[in-house]
Amino acid sequence: MILSTTNPPIPAPQAVPTPSNFAREATSKPRFVELPIAPRNASPVPELTSIHSVKGRGPYGDNRYRGNCGGHIIRDLLRYFQPKNVLDPMMGSGTCRDVCRELRIPCHSMDVRKGQDAADRASYADCEPVEFVWMHPPYWRMVRYNADSRCLSNAPSLDAFLDQMELVLRNCQSVLKPRGKIAVLIGGYSDRGRYQPLPHLLVARAIQVGLWPACTEIIRFQHGNTSSRKTYRSSFIPGLHDVCLVFERV
Ligand SMILES: C[S@@+](CC[C@H](N)C(=O)[O-])C[C@H]1O[C@@H](n2cnc3c(N)ncnc32)[C@H](O)[C@@H]1O
């Protein structure tokens, strides 16, 4: 082998990548993403996979209600699990109620705004045993829903929030039929500079109360999020999804 005694050419210094106009342009508009092919199976809802990306909210609930989600994921889950009745302990503007109405499934709804605290067992006194619970709680204090101290968005600490969620899970479990499911839609967010991985923490609490994931977690793309239209001076990795967890008894 002949070794060269001359030094290899020094590469020209690379420009430190900065967000170019091109990159800014690319992230400020919706982009098409190729989803992996899902295996064929006997699912009654083959389009329901671990990635849920449906734009628009459908004719369900009220989009003016802050922190609301669209109805498509609820609809897909109900068509998949086909429960005979549903409980929504945190109804907000009633997205789940409206989906159930369309699918002709009886739905028992409550909310702390109507005086029903989902963490209080007494609130379930007139609730019949159910086959499916849909729950979309506050993502701790990301959005403050009201001034009621029982509202989960007013929990004074992360532990207090998780303790309350644990009570809600226990209460829902107490009215759940043996093969019933509890679906929770929740997302992580950065709170005063610290990331709060609420879905992960909730799985740990659910397991403590005797629940277990019934299927894959479902990553729900948050199309049309208010924060996606904002500009921030700080640097961070934007979260564009929340997570739907489905539990059943162990
Ligand atoms: C993310 S919003 C639900 C939005 C709802 N999916 C909809 O269709 O508009 C969370 C809701 O949880 C309710 N909530 C918070 N703490 C509660 C509690 N302890 N018991 C019952 N509802 C509660 C809030 O009042 C709020 O309406």
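See the structure shown above.
Now for a quick tour of the structure. (Residues numbered from 1 in each chain as written. Predicted model: local features only at pLDDT ≥ 70, side-chain atom pairs only at ≥ 80, totals over all residues. Heavy atoms only, no water.)

1. As for the packing of helix H2 (residues 72-81) against helix H3 (residues 95-103)
Part 1 of the argument: Where H2 contacts H3, the two axes come as close as 9 Å, and the packing angle between them is 45°. Judged by the inter-axis angle, H2 sits oblique to H3. Relative to H3, H2 is oriented so that their crossing is right-handed. Each of Ile-74, Arg-75, Leu-78 and Arg-79 in H2 lies in contact with H3, whose residues at this interface are Thr-95, Cys-96, Val-99, Cys-100, Glu-102 and Leu-103.
Part 2 of the argument: Its residues assigned to classes, the contact of H2 with H3 comprises six nonpolar, one polar and three charged. (Axes fitted to C-alpha atoms, helices over the stretch in contact; angles between N-to-C directions. Helix = DSSP H or I, 4+ residues; strand = E, 2+ residues; numbered from the N terminus. Parallel < 35°, antiparallel > 145°, perpendicular 65-115°, else oblique. Left-handed = near helix turned anticlockwise from the far one by under 90°. Contact = heavy atoms within 4.5 Å. Nonpolar A, V, L, I, M, F, W, Y, C, P; charged D, E, K, R; others polar.)

2. Details of the packing of helix H4 (residues 158-174) against helix H5 (residues 198-208)
Part 1 of the argument: Their axes nearest at 10 Å, the elements H4 and H5 cross at an angle of 50°. The angle between H4 and H5 falls in the class oblique. Handedness of the crossing formed by H4 with H5: right-handed. Here Leu-158, Asp-159, Phe-161, Leu-162, Asp-163, Met-165, Glu-166 and Leu-169 of H4 lie close against H5, whose contacting residues are Leu-198, Leu-201, Leu-202, Arg-205, Ala-206 and Gln-208.
Part 2 of the argument: Its residues assigned to classes, the contact of H4 with H5 shows nine nonpolar, one polar and four charged.

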